[in-house]
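A structural walkthrough
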Amino acid sequence: EYGLQHTSDDLKADRDFVMAAVKQNGYALQHASDDIKADRDVVMAAVEQNGYALHLASDEMKADRDVVMAAVKQEGFALQHASDDLKAD
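A short tour of the structure in this document, coming up.

Parameters at a glance
Residues numbered from 1 in each chain as written. Predicted model: local features only at pLDDT ≥ 70, side-chain atom pairs only at ≥ 80, totals over all residues. Heavy atoms only, no water. Salt bridge = Lys/Arg side-chain N within 4 Å of Asp/Glu carboxyl O. Helix = DSSP H or I, 4+ residues; strand = E, 2+ residues; numbered from the N terminus. Buried < 20%, exposed > 50% of the residue type's maximum accessible area, 1.4 Å probe, protein only. Axes fitted to C-alpha atoms, helices over the stretch in contact; angles between N-to-C directions. Parallel < 35°, antiparallel > 145°, perpendicular 65-115°, else oblique. Left-handed = near helix turned anticlockwise from the far one by under 90°. Contact = heavy atoms within 4.5 Å.

For the coordinates displayed, the defined rule picks out 5 salt bridges. A salt bridge links Asp-64 to Arg-40, with the shortest nitrogen-to-oxygen separation between them at 2.8 Å. Residue Asp-64 is found in the loop between α5 (59-62) and α6 (65-74), and its partner Arg-40 is found in helix α4 (residues 40-49); the two are separated by 24 residues along the sequence. Classification of Arg-40 as partly exposed rests on a relative accessible area of 33%. Look at the salt bridges and you will find they share partners, linking Arg-15, Asp-39 and Asp-41 into a network.

Here's what the structure looks like:
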């Protein structure tokens, strides 16, 4: 479906592997390890490909202004997944 659900946990935690996957489909972030979901570069690539991928990112990334802006630029409705502080901004 999104490319990572049937891969090993090692690959789900492999930054380069997940980066390649999210560049093809931002929703591949769904199956990445928690550490990868908090990796700014990987999350940025995911939301630039699909803004809705923001809801799959770590809370820290949902509070990162640049990541949220990239997500919203790609898909305006992604703002609903931003941190409350950024939504109020």
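There's plenty left to go through after this.
A word on the packing of α4 against α6. Look at α4 against α6: their axes get within 7 Å of each other, and the N-to-C directions meet at 15 degrees. Put simply, α4 runs roughly parallel to α6. Of the two possible hands of crossing, α4 and α6 adopt the one that is right-handed. Residues Arg-40, Val-43, Met-44, Val-47, Glu-48 and Gln-49 of α4 form the contact with α6, whose participating residues are Asp-66, Val-67, Ala-70, Ala-71 and Gln-74.

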